[in-house]
Amino acid sequence: MRLLPFLFLLLSFQLTAQLPGVFDSLQLNFSDTLYFDSGKADLNITAQQTLASFPSYTNASNRIYLTGHTDAIGPLEYNEDLAKRRAGQAREFLLEKGWPEEAMTIQTFGERTPVASNDTDQDRSRNRRVTIDLFQAVPYRQFSGQVNNPNDQQPIPNAKVRIHNRTLADTLFTDENGQIEVDLPLDSVVGIDVYAKGFFLDTKMIKVSPKTKQELSFELAPATEGEVATIKNLFYVGNEAILLPGSKPELPKILRFMQINTHLRVEIAGHVNYPNRPPVTEETSEWNLSVRRAKMVYDYLLENDIPIEQLSYKGYGNHEMVYPKASTEVQQAANRRVEIRILGDLPEKR
């Protein structure tokens, strides 16, 4: 029911800093609710304690939005005024706390946006409220992206682009030229995952700064029969079928690839790091480890409703190491990998 004020908060405005393509967007940092006695605008003890613990004013990018509400008891016009007085009381408290008047905006909805019914005293008490939202302006910068097929450098239209970090989650699609434009928050690390039906995925993590190159490029290789792609950033604890903590976010990316490519049959292929040694046999613990690593991903996909007819798994021991004579930790980590191997299309159902 608070959609209108929230949409208003998302409106951007120009920064004074002279950085091309940079603008501010408001990010919610803190939110709380004050409750009032029936027919009253005075702050009760609980409301005063809530406001006393509210963050202090720190800089000019801070914004507070106070939204006043009432229950449905009494005339509509009276409730509109009561909601305004309640929000005004909260503003007066924050003024005494050091917040400047220009940093605060009051919006009132009277009895028009209840969060509960008005049938019982308990429900009406939830509607007698002022919500307090603290926002901070976060600078953004505009980036452009190009998604191509690396085999022929042709653009891939309608590719799904997922952008995410701790405070951001958005999805958009490339145009007919394989292009996107996106605004990303400065001084943050952002993940960008790109998918398209019939293609392997591509994923990048970028540090967004004023110096970051504003043109991004992604390549999606065709996912056709016989093709193989290593799952990026999927690294295991040595001698275990246990993912390193930083690799756990990679599993949902594999899931999305399978959800988009519902026509494909794939093999999840596991490999181990056992360098400077002859190929191991299927009876060895090393071979078994490669099987278990593949099965871990296979089981995750099954648990998340990927049909079993789309999936199989297989271990390859140390037969196909990227670095057969690995000597550094980076090389050894690359040998401990899992791949997606395309077996072909699923048979058509008749």
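As a reminder, the structure under discussion sits directly above these lines.
Throughout what follows, the structure given in this document is the object of discussion.

Quick look at the overall build of the protein
- The helix and strand tally for the protein stands at seven helices and 16 strands.
- Here the C-alpha radius of gyration of the protein, 28 Å, is well above what a compact globule of 350 residues would show, namely 20 Å.
- Within the protein, residue pairs in contact and separated by at least 24 positions form 70% of the contacts whose partners lie at least 6 positions apart.
- Accessible surface, the protein: about 18700 Å² in total, of which carbon and sulfur atoms supply 51%.
- For the protein, the distance from the average position of its 38 positive side-chain charges to the average position of its 45 negative side-chain charges is 4 Å.

Brief notes about the side chain of Arg337
- The residue Arg337 is located in the loop between helix 7 (329–335) and strand 16 (338–345) in this model.
- Looking at Arg337, the relative accessible area reads 6%, which means it is buried.
- A polar side-chain atom of Arg337 sits 2.5 Å from the main-chain carbonyl oxygen of Glu320.
- Among the polar contacts listed, one links the side chain of Arg337 to the side chain of Glu339, at a separation of 3.2 Å.
- Contacts of Arg337, omitting those with residues within four sequence positions, involve Thr230, Ala269, Gly270, His271, Glu320, Met321 and Val322.

Thoughts on the pattern of salt bridges
- Following the criterion strictly, the structure yields 13 salt bridges and no others.
- In this structure, Arg336 engages Glu329 in a salt bridge whose closest nitrogen and oxygen atoms are separated by 2.7 Å.
- On the basis of relative accessibility, which here comes to 10%, the residue Arg336 falls in the buried class.
- Salt bridges here are not isolated pairs; linked through shared partners, they connect Arg162, Asp193, Glu250 and Lys253.

Focus on a negative patch on the surface
- Together, Glu92, Glu96, Glu101 and Glu102 line one region of the surface with negative charge.
- By the element assignment, Glu102 lies in the loop between helix 3 (76–96) and strand 4 (104–110).

Quick notes on the layout of surface pockets
- Roughly 220 Å³ of volume is contained in the second largest pocket.
- In terms of lining, the second largest pocket is formed by 14 residues, of which the most central are Phe200, Leu201, Asp202, Ala229 and Thr230.
- Mapped by element, the contributors of at least two residues to the lining of the second largest pocket are strand 11 (202–208), strand 13 (228–230) and helix 5 (250–260).
- Per-element tally for the lining of the second largest pocket: the top contributor is helix 5, with three residues.
- When the residues that make up the lining of the second largest pocket are grouped by side-chain class, the tally is seven nonpolar, two polar and five charged.

What counts as what
- Residues numbered from 1 in each chain as written.
- Predicted model: local features only at pLDDT ≥ 70, side-chain atom pairs only at ≥ 80, totals over all residues.
- Heavy atoms only, no water.
- Helix = DSSP H or I, 4+ residues; strand = E, 2+ residues; numbered from the N terminus.
- Rg over C-alpha atoms; globule rule 2.2 N^0.38 Å.
- Contact = heavy atoms within 4.5 Å.
- Areas by Shrake-Rupley, 256 points an atom, 1.4 Å probe, with all protein chains shown as cover.
- Lys, Arg positive; Asp, Glu negative; His and termini not counted.
- Charge placed at Lys NZ, Arg CZ, Asp CG, Glu CD.
- Buried < 20%, exposed > 50% of the residue type's maximum accessible area, 1.4 Å probe, protein only.
- Polar contact = N/O pair within 3.5 Å; in protein donor to acceptor, adjacent residues only side chain to side chain.
- Salt bridge = Lys/Arg side-chain N within 4 Å of Asp/Glu carboxyl O.
- Patch = residues over 30% accessible without salt bridge, like charges linked within 9 Å, V, L, I, M, F, W, Y side chains within 5 Å.
- 1 Å grid on protein atoms, 1.4 Å probe; cavity = no way out; pocket = protein on both sides within 12 Å on 5 of 7 lines; lining within 4 Å.
- Points joined across faces, edges and corners; volume = space filled by probe spheres on them.
- Nonpolar A, V, L, I, M, F, W, Y, C, P; charged D, E, K, R; others polar.

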